[in-house]
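Overview (structure and organization)
Here is what each chain is made of, one letter per residue.
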Amino acid sequence: MTPCNHRIPLATPTMHGDEMAYIQEAFDRNWIAPLGFNCDGFEAEMGAYLNCNRKTYHHALCLNAGTAALHLAVKLAGVKRGDIVLCSDMTFAATVNPVTYEGGVQVFVDSERETWNMDPRALEKAFEKYPQAKVVMLAHLYGTPARMNEIVEICKLHNAILIEDAAEALSSEYRGRKCGTFGKYNILSFNGNKIITTSGGGMLLCENEADRKKALFWATQAREPALWYQHEEIGYNYRMSNVVAGIGRGQLKHLENHRERKEAVYRRYEKALADLPVTMNPYLPDSKPNFWLSCMAVDKGIKVDPLDIVCKLNACNVEARPIWKPMHMQPVFKGHDFISVEESPVSEDIFARGLCLPSDIKMTGEEQNYVIDVIRSCF
Ligand SMILES: *Cc1c(COP(=O)(O)O)cnc(C)c1O
């Protein structure tokens, strides 16, 4: 294949112009500092969006990264040195790193085949082995909702706190309820490649205002209410700037549009690859993914290496990536326990057979056809 004359990316920011109006207001009012009216507005608007059909309201806090939100969630959950945290195995490292910041120990829980997310049966098995575990850290991979009914039930049964990493799953729904509202603590990311972006940023969503206040206190250097700088705890500088929050407010207006266009990208791949021995990343019929990244897995027994497809795509100027490498296979987590109910781990199998496809919503039909042609030429 002749390489495409420009690069076709995996996912890049899509701006609309509304963002500039909020930024302009921040400049006009000289409100450039962290926190401020755009942060307040972004929190209120996101809270309203996530909880549109529910009575319980999630209290939102803007932060400078999804990772910062995860760190504060781990602190709020009370994770201390040596505490076991049961974590999704197939996710991005940012989901699980904050456990280490607080001295906790990750035990990784295998995926199941229907969503590629945490297997409830493996979670149950993990609780049998670690009945003392009090926190579960769950991620929705590539925007596909996990089996939340089972996961929430198991957490309740074992009196464990659920932290939901919805960094990739903003606007995804499970049985009509938005991802990012199932956990006691939930996080979002607005990193540059996510479905909406603030260039960089994140949000923590708490069930009660007291937890939100505590997180804000830690995020603003743990300054005690005194005239002088008084500190009784270690704090962090995790605040979001009022300028950046303006980008988020403008982006939020286009979130549903982004979701629809992500789904259209997925559907085009699904249709065009239907006759090849591959499957797209699967989801449950009672869930509505945001299709943040379209992925495919080469069927078992087919002698086509997904790494060869990734290399071929890259050689043709198309950005593609292997599936996120499971955490229990990462050298940094060597020695951590991994719980599976299968003879051979599902996460390892998906990693061995899968790849992430370009999913930029600005990709034209022509560009996507080119990507599809390259993929087809590998079979
Ligand atoms: C992007 C991402 C994060 C980290 O968010 P940042 O805003 O980049 O810190 C955490 N978890 C998952 C699953 C992600 O994809």
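Conventions adopted
- Residues numbered from 1 in each chain as written.
- Predicted model: local features only at pLDDT ≥ 70, side-chain atom pairs only at ≥ 80, totals over all residues.
- Heavy atoms only, no water.
- Near = heavy atom within 4 Å.
- Polar contact = N/O pair within 3.5 Å; in protein donor to acceptor, adjacent residues only side chain to side chain.
- Helix = DSSP H or I, 4+ residues; strand = E, 2+ residues; numbered from the N terminus.
- Nonpolar A, V, L, I, M, F, W, Y, C, P; charged D, E, K, R; others polar.
- Disulfide = S-S within 2.5 Å.
- Buried < 20%, exposed > 50% of the residue type's maximum accessible area, 1.4 Å probe, protein only.
- Pairing = 2+ DSSP bridges.
- Salt bridge = Lys/Arg side-chain N within 4 Å of Asp/Glu carboxyl O.
- Contact = heavy atoms within 4.5 Å.
- Axes fitted to C-alpha atoms, helices over the stretch in contact; angles between N-to-C directions.
- Parallel < 35°, antiparallel > 145°, perpendicular 65-115°, else oblique.
- Left-handed = near helix turned anticlockwise from the far one by under 90°.
- Domains from an automatic or database assignment.
- Buried area = accessible area lost by both parts, 1.4 Å probe.

1. Comments concerning the site of the ligand
The full set close to the ligand counts 15 residues, and T67, D165, E168, S189 and K194 are the nearest of them. One of the side-chain nitrogen or oxygen atoms of T67 is found 2.5 Å away from an oxygen atom of the ligand. Where the shell around the ligand is concerned, the elements lending two or more residues are α3 (66-76) and α4 (93-101). The leading source of residues in the shell around the ligand is α3, at three residues. Along the lines of polarity and charge, the residues of the shell around the ligand split into five nonpolar, seven polar and three charged.

2. Section: the side chain of N51
By the element assignment, N51 lies in the loop between α2 (37-50) and β1 (59-63). Reaching out from N51, the side chain makes a polar contact with the backbone oxygen of G47 at a distance of 2.9 Å. At a separation of 3.2 Å, a polar atom in the side chain of N51 contacts the side chain of H58.

3. Things to note about the state of the cysteines
What makes a disulfide is a covalent bond joining the sulfur atoms belonging to two cysteines. What the rule picks out here adds up to zero disulfides. Its sulfur unpaired, C39 is 4.7 Å from the next cysteine sulfur, which belongs to C62. Assessed through its relative accessible area of 2%, C62 is described here as buried.

4. Some points on the sheet that holds strand β10 (residues 278-280)
Taken in spatial order, the four strands of this open sheet run β10-β12-β15-β13, and their pairing is antiparallel. At either end of the open sheet lies a strand with only one pairing partner, and these are β10 and β13 (321-322). Note: β10 against strand β12 (residues 295-298), three bridges, orientation antiparallel. Bridging across to β12, M280 finds its partner in M296.

5. Things to note about the pattern of salt bridges
If you walk through the whole model with that rule in mind, you get 23 salt bridges. Taking the shortest distance from any N to any O, the salt bridge between R113 and D349 comes out at 2.8 Å. With R113 in the loop between β3 (105-109) and α5 (120-129) and D349 in helix α11 (residues 346-353), this residue pair connects regions lying 236 residues apart in the sequence. Between R259 and E263 there is a salt bridge, with its nearest N and O atoms 2.8 Å apart. Separated by four residues within a single helix, R259 and E263 lie in helix α9 (residues 255-272), roughly one turn from each other. A relative accessible area of 6% places R259 in the buried class. Within this structure, E112, E114, R147 and E150 form a network of salt bridges that share partners.

6. A few points about helix α8 (residues 242-252)
Helical geometry note: an α-helix holds 3.6 residues per turn, so side chains three or four residues apart project in the same direction. Within α8, eleven of the eleven residues are buried, which leaves the element mostly enclosed by the surrounding structure. Among all positions in α8, only N242, V243, V244, A245, G246, I247, G248, R249, G250, Q251 and L252 are buried. Contacts made by the buried residues of α8 are with α1 (18-28), α2 and α9. The N-capping residue of α8, defined by a side-chain oxygen 3.1 Å from the backbone nitrogen of V243, is S241.

7. Side note on unusual backbone geometry
Notably, S171 is not glycine yet its phi reads approximately 90°, a positive angle. Mapped onto the elements of the fold, S171 is located in the loop between β5 (161-165) and β6 (173-174). Of note in this structure, Q221 is not a glycine but carries a positive phi near 70°.

8. Some thoughts on the packing of α1 against α8
The N-to-C vectors of α1 and α8 enclose an angle of 150°; their axes lie 7 Å apart at closest approach. Between α1 and α8, the interaxial angle falls into the category roughly antiparallel. Seen from above, α1 lies across α8 with right-handed handedness. The residues of α8 that touch α1, namely those facing D18, E19, Y22, I23, A26 and F27, are N242, V243, G246, I247, R249, G250 and Q251.

9. Digging into the domain arrangement of the protein
Partitioning the protein into structural domains gives domain 1 (18-252) and domain 2 (255-377). For domain 1 versus domain 2, the separation of C-alpha centres amounts to 25 Å. In this complex, domain 1 contributes 49 residues to the contact, which on the side of domain 2 involves 41 residues. With both chains or domains summed, domain 1 and domain 2 bury close to 4,000 Å², and 60% of this area falls on carbon and sulfur atoms. Together, R113, W116 and Y142 form the three largest contributors to the area buried by domain 1 at its contact with domain 2, with a combined 21%. Put simply, domain 1 and domain 2 have five salt bridges between them. Secondary-structure elements contributing two or more residues to the side of domain 1 that touches domain 2 are α4, β3, α5, β6 and α8. Class assignment of the residues belonging to the side of domain 1 that touches domain 2 gives a composition of 22 nonpolar, 13 polar and 14 charged.

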